[in-house]
Amino acid sequence: MNEGTRRSPWGRTLGAVVAMVASLAAVEISQVSRRAAPSVFPRPAAATSLGTRLLQQVQSCARRQLLSQPKALAQDFWGATQRVSLVCFMEEVVLDPAGIVREDVEMRLQAVIAASGVAVPLPAARGVGRVALRLVSGSGLFTVPVRIGARTLPFLLDTGASSTILTLGTARALGVPGTPFPSEVLRYFVVGQNCDRVAAELVAIPEVAVGRSQVVGLRGMALSPVGLPGGGVLGMDFLANYDVLLNPRSRDLVLMARSPFPQDGIDLRGKLGVMTAPVSVNGRPAAPFLLDTGASVMVVSRRYAEALGLPLEQAEPVAVRGFCGMEKALKTRLQTVALGGWVRQNLEVVVLEGNLLAMLGVDGIVGQNFLSQFVQHWRFGDRLGLGFPQTGHLVLVPVD
């Protein structure tokens, strides 16, 4: 087993996607939405009807499961109710019968919002900033100096996380209260096979500042530390408020006022708060990949690797560390990776044995062994519906 790969923190990618889903579920199931501000979204009859039907399905699912767990109800009524409700929300609204995130998941979530009248609050940003990045030893990943409360801590720069994440230690030091988050739901979106050993909470995050850029109103997660550098992860809920210019050679991060998309570059598609783009591997037709500054290397699913004809029987067995501990994987190399007309050769790739990528509807992840060969100018569209940008744009300029 390669020690460097075993300790690489890239494996926790996508962990924060579930934070928004859980926030919605908690609001809906607890009926807090009845006291929330009026929805800022239109409520067409069709969407309201679908949302009402989905909420009824969640409630029926939760009722059945709770009735089958009398001991759990007697021991911790509210904890059992929340856990079952979140699991049912995932199964009835987010996932299809095969356990894959539905293609129309955002439409279904919006229908739930419309039916309940809940308004998804958007974070508020001000200022622009420029900071120096620091390279995480042995990984190719970068940390950002983040001011939160009275502290400045290194946070992983992570376009593969829809929400900002705190370590539980950071949350405790800041005095941030949290709502326990069940491991049954956490396992849907993170790498690792020991979610039952991970403590997770939903938290309202205090003002986050990077240089002179400040964002308030973020909601994310706090997790027990499993290889996170410093205080946590700086996710897309912060980054999408700005144009982001990342220079891996000079290790500069510049946060600028948002600007229109230019004609050149790569059009990105939002998916539950993260960005995807078509990527061609080894000359094959392009497939959807997540673009992730929080992944040290390229990643593909086992199914996609087999379709590529990768020599998996000669691949090196490795283990990768995610939010839920270790998970088996294989390490090999890709002949070519093409994104937006830019081609790079002979890149290391990790093949995930689990079904995480398939569940999220992508075939792979573009990691830093590709991205760090370019100066990157990220732009993001307006936040619609669920509070996530549905479009984005990326201009790549080779560092050489």
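What counts and how
Residues numbered from 1 in each chain as written. Predicted model: local features only at pLDDT ≥ 70, side-chain atom pairs only at ≥ 80, totals over all residues. Heavy atoms only, no water. Helix = DSSP H or I, 4+ residues; strand = E, 2+ residues; numbered from the N terminus. Buried < 20%, exposed > 50% of the residue type's maximum accessible area, 1.4 Å probe, protein only. Contact = heavy atoms within 4.5 Å. Areas by Shrake-Rupley, 256 points an atom, 1.4 Å probe, with all protein chains shown as cover. Phe/Tyr/Trp six-rings, centres within 6.5 Å; stacked < 30°, edge-to-face > 60°. Core = buried A, V, L, I, M, F, W, Y, C linked by side-chain atoms within 4.5 Å. Lys, Arg positive; Asp, Glu negative; His and termini not counted. Salt bridge = Lys/Arg side-chain N within 4 Å of Asp/Glu carboxyl O. Disulfide = S-S within 2.5 Å. Pairing = 2+ DSSP bridges.

A. Layout of the overall build of the protein. A tally of helices and strands in the protein yields 12 helices and 26 strands. Here the protein holds 400 residues, and 57% of them are scored as buried. The contacts of the protein with a sequence gap of at least 6 include a subset with a gap of at least 24, amounting to 71%. With the model as given, the accessible surface of the protein reaches about 16300 Å², and the carbon-plus-sulfur share is 54%.

B. Region of interest: the packing of aromatic side chains. Evaluated as defined, the whole model comprises five aromatic pairs. Plain terms: the ring middles of Phe-289 and Tyr-304 are 5.7 Å apart, the flat faces sit at 75° to each other, and that makes the pair edge-to-face. Of the two residues, Phe-289 sits in strand 17 (residues 287-291) while Tyr-304 sits in helix 10 (residues 302-308), which places them 15 residues apart along the sequence. By relative accessible area, Phe-289 is classed as buried at 0%.

C. Representation of the nonpolar core within the structure. In this structure, Val-144, Leu-234, Phe-238, Phe-289, Met-298 and Phe-370 are the most contacted members of the largest nonpolar core, which totals 62 residues. Among residues more than four places away in sequence, those in contact with Met-298 are Phe-289, Leu-334, Val-337, Leu-347, Glu-348, Val-349, Val-350, Ile-365, Val-366, Gly-367, Asn-369 and Phe-370.

D. The arrangement of the side chain of Asp-237 in detail. Structurally, Asp-237 is set in helix 9 (residues 236-239). Although buried, Asp-237 forms no salt bridge, and the nearest oppositely charged side chain, Arg-383, lies 6.6 Å from it.

E. The state of the cysteines, seen in detail. For the structure on display, the rule yields one disulfide. A sulfur-sulfur separation of 2.1 Å characterises the disulfide bridge that pairs Cys-61 with Cys-88. Between Cys-61 and Cys-88, the disulfide has an S-S torsion of -70° and is therefore left-handed. You can see Cys-61 sitting in helix 3 (residues 45-67) and its partner Cys-88 sitting in helix 5 (residues 77-94), a full 27 residues away along the chain. By the burial criterion, Cys-61 is buried, and Cys-88 matches it.

F. Here's a closer look at the pairing of strand 13 (residues 243-247). Bridging between strand 13 and strand 14 (residues 252-256) involves five bridges; their strand directions are antiparallel. Bridge pairing links Val-244 to Leu-255 in strand 14. Once strand 13 ends, the chain turns through four residues before running back antiparallel as strand 14, passing Arg-251 with a positive phi of about 60°. With three bridges joining them, strand 13 and strand 23 (residues 374-380) adopt antiparallel strand pairing. Each residue of the ladder has a partner; that of Leu-246, found in strand 23, is Gln-376.

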